[in-house]
Amino acid sequence: MIFDATRLALTNILSPATRSVFWKVLGLTLLVLAGLWVAIRQLFIYLALPWIDTLLPGIPDWAGWLGFVFAILAGIGLALALALLIAPVTAIIAGLFLDDVAEVLEKRDYPQDAPGRAMPMGEAIWASLKFFGVIILGNLIALLLLLVPGVNLIAFFLVNGYLLGREFFEFAAMRFRTPDEARQLRAKHAATVFTAGLVIALFLAIPFVNLLTPLFAASLMVHLHKSISMREPPLVTQQLGR
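Report on the accompanying structure. All figures in this text were calculated on a predicted structure; none of them were measured in a lab. (Residues numbered from 1 in each chain as written. Predicted model: local features only at pLDDT ≥ 70, side-chain atom pairs only at ≥ 80, totals over all residues. Heavy atoms only, no water.)

The next subject is the packing of helix α5 (residues 153–173) against helix α8 (residues 213–230). Running from N to C, α5 and α8 point in directions that differ by 60°, and their axes come no closer than 8 Å. The two elements α5 and α8 cross, and the hand of that crossing is right-handed. Only P214, A217, A218, M221, V222, L224, H225 and I228 of α8 make contact with α5, whose side of the interface consists of G165, F168, F169, A172 and A173. Partitioning the contact of α5 with α8 into residue classes produces eleven nonpolar, two polar and no charged. (Axes fitted to C-alpha atoms, helices over the stretch in contact; angles between N-to-C directions. Helix = DSSP H or I, 4+ residues; strand = E, 2+ residues; numbered from the N terminus. Left-handed = near helix turned anticlockwise from the far one by under 90°. Contact = heavy atoms within 4.5 Å. Nonpolar A, V, L, I, M, F, W, Y, C, P; charged D, E, K, R; others polar.)

End to end, α8 covers 26 Å across 18 residues, agreeing with the expected 26 Å (1.5 Å per residue, within 8%). With 16 of its 18 residues buried, α8 lies for the most part within the structure. (Expected span 1.5 Å × (residues − 1). Buried < 20%, exposed > 50% of the residue type's maximum accessible area, 1.4 Å probe, protein only.)

Moving on, we come to the pattern of salt bridges. Counted under the stated rule, the structure contains eight salt bridges. Residues E106 and R175 are paired through a salt bridge, measuring 2.8 Å at the closest nitrogen-oxygen approach. In this pair, E106 sits in helix α3 (residues 65–109) while R175 sits in the loop between α5 and α6 (179–188), placing the two residues 69 residues apart along the sequence. With respect to class, E106 is no different from R175; both count as buried. Two residues, R108 and D109, come together in a salt bridge whose shortest N-O distance is 3.0 Å. Judged by relative accessible area, which is 28%, D109 ranks as partly exposed. The network of salt bridges with shared partners includes D99, E106 and R175. (Salt bridge = Lys/Arg side-chain N within 4 Å of Asp/Glu carboxyl O.)

In this description, an aromatic ring pair is defined by two values, namely the gap between the centres and the angle between the planes. In the structure shown here, the tally under the stated rule is one aromatic pair. With centroids separated by 4.3 Å and ring planes inclined at 10°, the aromatic side chains of F203 and F216 adopt a geometry described as stacked. Placement of the pair is F203 in helix α7 (residues 190–204) and F216 in helix α8, with a sequence separation of 13 residues. Across this residue pair, the class does not change: F203 and F216 are buried. The ring of Y110 carries K226 above its face, with NZ or CZ at 5.2 Å from the centroid. (Phe/Tyr/Trp six-rings, centres within 6.5 Å; stacked < 30°, edge-to-face > 60°. Lys NZ or Arg CZ within 6 Å of the ring centre and 35° of its normal.)

Looking at where R177 falls in the secondary structure, it is placed in the loop between α5 and α6. Residue class for R177 comes out buried when judged on its relative accessible area of 2%. In terms of polar contacts, R177 uses its side chain to reach the side chain of H225, at 3.4 Å. (Polar contact = N/O pair within 3.5 Å; in protein donor to acceptor, adjacent residues only side chain to side chain.)

Further remarks concern the nonpolar core. If you look at the biggest cluster of nonpolar residues, it comprises 45 residues, and the most contacted ones within it are F169, I200, M221 and L224. Among the secondary structure elements, those contributing two or more residues to this core are α1 (2–13), α2 (19–55), α3, α5, α6, α7 and α8. Residue contributions to this core peak at nine residues, all from α8. In this structure, F169 is in contact with A182, L185, R186, V193, M221, L224, H225 and I228, ignoring residues within four places of it in sequence. (Core = buried A, V, L, I, M, F, W, Y, C linked by side-chain atoms within 4.5 Å.)

On to the environment of M119, then. Here M119 is to be found in the loop between α3 and α4 (121–145). The spatial distance from the C-alpha of M119 to the C-alpha of F171 is 8.7 Å, given a sequence separation of 52 residues.

From the geometry alone we can't say anything about function, so treat these as descriptive.
Listed below in structure tokens is the structure:
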């Protein structure tokens, strides 16, 4: 199921049917990340530079290379901070465009099924904001675990695999189910959803390509939810009639 869902999701990224969503997702992701870069940079200038000036007052000319080293380290730190924010940004944007992606896929790939129910905008935004907080906390924990020998990047994939898999699957499932039913279905197929989440985390780790994570993740989980639902009792059929 995961292999087929991944293949279909990759095919869907450049599909003519989702081209408009593609540009909206890419444009909004770039806009949000650019805004975050400016905010993080200004925060660094406001908080960190005065501390560095205090730490190295009156630095002599021959030691001017220290300033260059600090500039490089600061740039690396800002880049890492932005990289850690890509996952929560992905969750926010996916909450806004998941229904657009799902509607296209359902009409094109599952025409025999009744269409899902779009989440109200307020509900989608609230769910995305809640997940934004959860994934920020999760990535802060992962960042701390990066300092533990033997854990390193494994923590990034495990944390994001679980959180992204859970959130995107429940988003897709709630087009056909109540929130409680979506959580129960995810818990019942926890291993499958987590493995699909690891695929999303791997996609997220690819520079530049990861800007399309919202589109890829939404597509993957729509297909995965459809595959799982085909193996479930008639509850889904009942929900389709809502």
